[in-house]
Amino acid sequence: MMFPHFDWMYLVMIAPALLLAFWAQARIRSAYAAGMQIRAPMSGAGAARYVLDSAGLQDVAIEEVPGHMTDHYDPRHKVLRLSSDVYRSPSLTAVGIAAHEAGHAIQDARAYAPLVIRNAAVPMANIGSGLSSLVLMVGLGVFFSGMAKLGSFMIVAAIVMFGAFVFFQLINLPVEFNASTRAKQQLEALGIVSADQMVYVRRVLDAAALTYVAATLQAVLTLAYYLMRFGGLVGDRD
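Below: a short report on this structure. (Residues numbered from 1 in each chain as written. Predicted model: local features only at pLDDT ≥ 70, side-chain atom pairs only at ≥ 80, totals over all residues. Heavy atoms only, no water.)

### Some remarks on the layout of surface pockets
Taken as a whole, the largest pocket holds about 750 Å³ of empty space. Considering the residues around the largest pocket, the lining is formed by 31 residues, among which Asp71, His72, Glu101, Glu176 and Tyr212 are closest to the centre. Those elements that provide at least two residues to the lining of the largest pocket are helix H1 (8-36), strand S2 (72-74), helix H4 (92-109), helix H5 (113-144), helix H6 (148-189) and helix H7 (198-237). If one sorts the elements of the lining of the largest pocket by residue count, H7 sits on top with 8 residues. Across the lining of the largest pocket, the residue classes tally to 15 nonpolar, 10 polar and 6 charged. (1 Å grid on protein atoms, 1.4 Å probe; cavity = no way out; pocket = protein on both sides within 12 Å on 5 of 7 lines; lining within 4 Å. Points joined across faces, edges and corners; volume = space filled by probe spheres on them. Helix = DSSP H or I, 4+ residues; strand = E, 2+ residues; numbered from the N terminus. Nonpolar A, V, L, I, M, F, W, Y, C, P; charged D, E, K, R; others polar.)

In structure tokens form, the structure reads like this:
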């Protein structure tokens, strides 16, 4: 949020999301570190390969990428990319995260509906998250300069653009939760992780899921702020 004068009401409205995000980050750091200390029978790359091959996805490549927690599945190139810690480490954290990303590849191969919708929404979500604040600020300037109709149109356009980003965040939740569910099932079914060890994997994946919930909540509350703060403004001048 970038405005000429900061509105403290915005901070008040998104405070629950900020608190949840802080708690989720603390949990994931703790769970990540604990799981990295417990050895697994194979590395993250090995676990991902095992899960993918068991699902008949031998054509999905696995690559090592730099950075921390940069793990992701690229549906365009059918490549699963794992950070160095996850790719190389034979730990419960590594195999849990790797299996989660493999879960996304399985979703892609099975045409999992929420993933299909999410991927289709990416372009509009990127535009909405990147340009909505700018369009809103310009629209406000135009609105108060005396061109109320043009300013109103720009404000509404900004809110709609941000709404596309909120939609993306909402549809992303079932995608992430489902990938984690697939990961847990595959790790146990394939014997990569024992039932006793699954508690550490669950902690990592559940904490990661909370970060997505926090991000979605912040997006929803921000949209609510836009509607409350600027929707009435447009209505008053129409």
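### Quick look at the sheet that holds S2
Ordered by their spatial adjacency, 3 strands build an open sheet running S1-S3-S2, and the pairing between neighbours is mixed. What marks the edges here is a single partner per strand, and that holds for strand S1 (61-65) and S2. Mean inter-strand twist for the sheet, computed between neighbouring axes without regard to direction, equals 25°. Note that S1 and strand S3 (residues 79-83) share 5 bridges and pair parallel. Bridging from a neighbouring strand, Ala61 pairs with Val79 of S3. (Pairing = 2+ DSSP bridges. Axes fitted to C-alpha atoms, helices over the stretch in contact; angles between N-to-C directions.)

### Describing the nonpolar core
Core analysis: the biggest nonpolar cluster contains 32 residues, and Leu52, Leu80, Leu187 and Val193 have the highest contact counts within it. Mapped onto this core, the elements with two or more residues apiece are H1, helix H2 (44-54), S3, H4, H6 and H7. Counting residues per element, this core draws most heavily on H4, which supplies 9 residues. Excluding anything up to four places from it in sequence, Val193 contacts Leu92, Val95, Leu187, Glu188, Met198 and Val201. With 23 residues, the next largest nonpolar core counts Leu136, Ala148, Ile159 and Ala219 among its residues. (Core = buried A, V, L, I, M, F, W, Y, C linked by side-chain atoms within 4.5 Å. Buried < 20%, exposed > 50% of the residue type's maximum accessible area, 1.4 Å probe, protein only. Contact = heavy atoms within 4.5 Å.)

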